[in-house]
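# Results of the structural survey
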Amino acid sequence: MRQIVWTAFIMGGILMSGLPAVAQTQTQRGEYLVTIMDCTGCHTPGTFLGKPDMQRPLAGSEVGFQIPGLGIFYPPNLTPDAETGLGKWSEDDIIKAVRTGVRPDGRQLVPIMPYHSYGNLTDADAKALARYLKSMKPVRNQVPGPFGPNEKPTAAYLTVVMPQ
Ligand code: HEC
């Protein structure tokens, strides 16, 4: 009798802990992460103008961030378009950029892109995130820039104003 109760207890525990993982596919997990890690908040057109274009989520921002002395950086298109997005990046390229801020060409992204906070992403979550981005509908949208500190920007940007 005692054995039966224990078996039922253990089986119940396995079932309950297993359920959420079974219910959520890798792509659903990726979509969830893209939302709560706020990739959408920076990389979706219109967000900084108060009207996020949810027909083109993650297709890149037309508003950049100026870092004094460094230049102006626009959150790029993360959809898998080959020319203007991440179409030519592998999942490992995406994971490396998200965790360390290093692009496939070796350039270090500016830390407006929160890779310091994303560095401890688990392997499973990093994979789900990259796979979700690669599964999205490709959207053609080239963001402006980046512009160097002495270049004249052709698009809107947010900046840091130093007190006089
Ligand atoms: C606070 C705004 C912000 C958030 C939040 C953010 N990013 Fe970024 N991201 C940027 C900016 C700005 C750049 C461009 C930086 C540069 O060019 O140096 C960038 C660059 C990138 C790049 C490099 C793309 C390329 O073509 O060079 C990838 C990949 C990326 N972000 C993925 C993500 C993912 C995935 C998330 C969510 C997990 C995310 N970002 C969240 C602002 C953000």
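Residues numbered from 1 in each chain as written. Predicted model: local features only at pLDDT ≥ 70, side-chain atom pairs only at ≥ 80, totals over all residues. Heavy atoms only, no water.

## Some details on the overall build of the protein chain
Rules: The secondary structure listing takes helices from DSSP runs of H or I that are at least 4 residues long and strands from runs of E that are at least 2 residues long, numbered from the N terminus. Every accessible area reported is derived by Shrake-Rupley at a probe size of 1.4 Å, with residue values counting cover from the shown protein chains alone.
Secondary structure summary: the protein chain contains six helices and three strands in total. The N-to-C order of helical and strand elements in the protein chain reads α-α-α-β-β-α-α-α-β. Approximately 10400 Å² of the protein chain is accessible, and the part contributed by carbon and sulfur atoms is 61%.

## Observations regarding the coordination of the iron atom of the ligand
Inclusion rule: Coordinating donors are taken to be N, O and S atoms lying within 2.8 Å of the metal, or within 3.2 Å when the metal is Na, K or Ca; because water is excluded from the atom set, some sites may appear incomplete. Key to geometry: four donors with every angle between 85 and 135 degrees are tetrahedral; four donors are square planar and six octahedral where opposite donors lie over 155 degrees apart and all remaining angles lie between 65 and 115; all other sites are irregular. Relative accessibility thresholds used throughout: buried, under 20% of the residue-type maximum; exposed, over 50%; partly exposed, between the two (1.4 Å probe, protein chains only).
Those donors, His-43 (NE2) and Met-113 (SD), are the protein atoms that reach the iron atom of the ligand, and they lie 2.0 to 2.2 Å from it. Between the six donor atoms coordinating the iron atom of the ligand, the angles at the centre fall across 86 to 180°, so the site counts as octahedral. Residue His-43 is located in helix H3 (residues 39-43), and its partner Met-113 is located in the loop between helix H4 (91-100) and helix H5 (115-118); the two are separated by 70 residues in the primary sequence. Of the two residues, His-43 and Met-113, neither departs from the other in class, the shared state being buried.

## Quick look at the site of the ligand
Going by this rule: Any residue with at least one heavy atom within 4 Å of a molecule or strand is counted as near it. Here a polar contact means two N or O atoms within 3.5 Å. Within protein one must be a hydrogen donor candidate and the other an acceptor candidate, and residues neighboring in sequence count only if both atoms are side-chain atoms. Ten residues, namely Ala, Val, Leu, Ile, Met, Phe, Trp, Tyr, Cys and Pro, are considered nonpolar, four, namely Asp, Glu, Lys and Arg, are considered charged, and the remaining ones, Gly among them, are considered polar.
Near the ligand there are 22 residues, and of these Cys-39, Cys-42, His-43, Arg-103 and Met-113 occur at the shortest range. Contact distances for the ligand include 2.8 Å between a nitrogen atom and a side-chain N or O atom of His-43. A distance of 2.6 Å separates an oxygen atom of the ligand from a polar atom in the side chain of Arg-103. Broken down by element, the shell around the ligand gets its largest block of residues, three residues, from H3. Class assignment of the residues belonging to the shell around the ligand gives a composition of 18 nonpolar, one polar and three charged.

## With respect to the nonpolar core
Rules: Among the buried residues, those of types Ala, Val, Leu, Ile, Met, Phe, Trp, Tyr and Cys that are joined through side-chain atoms within 4.5 Å form a nonpolar core. The contact criterion used is simple: two residues touch if any of their non-hydrogen atoms lie within 4.5 Å.
Judged by nonpolar contacts, the single largest core of 23 residues is most densely connected at Val-34, Met-37, Leu-58, Ile-94, Val-98, Leu-129 and Leu-133. Elements supplying a minimum of two residues to this core: helix H2 (26-36), H4, H5 and helix H6 (123-135). The leading source of residues in this core is H6, at five residues. Every residue in contact with Met-37, bar those within four places of it in the chain, is listed here: Tyr-118, Leu-121 and Leu-129.

## Here we look at the packing of aromatic side chains
Our working rule: In this scheme Phe, Tyr and Trp rings, the latter by its six-membered ring, pair at centre separations within 6.5 Å, and the angle between planes marks the pair as stacked below 30 degrees, edge-to-face above 60, and tilted otherwise.
Taken as a whole, this structure holds two aromatic pairs when the rule is applied. Aromatic pair Phe-48 and Phe-65: ring centres 5.4 Å apart, planes at 85°, arrangement edge-to-face. Taken together, the residues span a long stretch of sequence, with Phe-48 in the loop between H3 and strand E1 (64-67) and Phe-65 in strand E1 at a distance of 17 residues. Residue class for Phe-48 comes out partly exposed when judged on its relative accessible area of 30%. Aromatic side chains Tyr-74 and Phe-147 sit 5.8 Å apart centroid to centroid with 85° between the ring planes, which places their arrangement in the edge-to-face category. Placement of Tyr-74 in the loop between strand E2 (71-73) and H4 and of Phe-147 in the loop between H6 and strand E3 (157-158) is noted, with a sequence separation of 73 residues between them. For the pair shown, Tyr-74 and Phe-147 are each scored as buried.

## Quick word on the packing of H2 against H6
Cut-off, in case you're wondering: Only the stretch in contact is used when a helix axis is fitted, and all axes are lines through C-alpha atoms; the angle between N-to-C directions ranges over 0 to 180 degrees. When an angle is under 35 degrees it counts as roughly parallel; over 145 it counts as roughly antiparallel; between 65 and 115 it counts as roughly perpendicular; any other value is oblique.
Running from amino to carboxyl end, H2 crosses H6 at an angle of 90°, the nearest separation of the two axes being 7 Å. Relative to H6, the element H2 lies roughly perpendicular. On H6, the residues touching Gln-26, Thr-27, Arg-29, Gly-30, Glu-31, Leu-33 and Val-34 of H2 are Asp-125, Lys-127, Ala-128, Leu-129, Arg-131, Tyr-132, Leu-133 and Ser-135. Looking at the contact of H2 with H6, its residues break down into six nonpolar, four polar and five charged.

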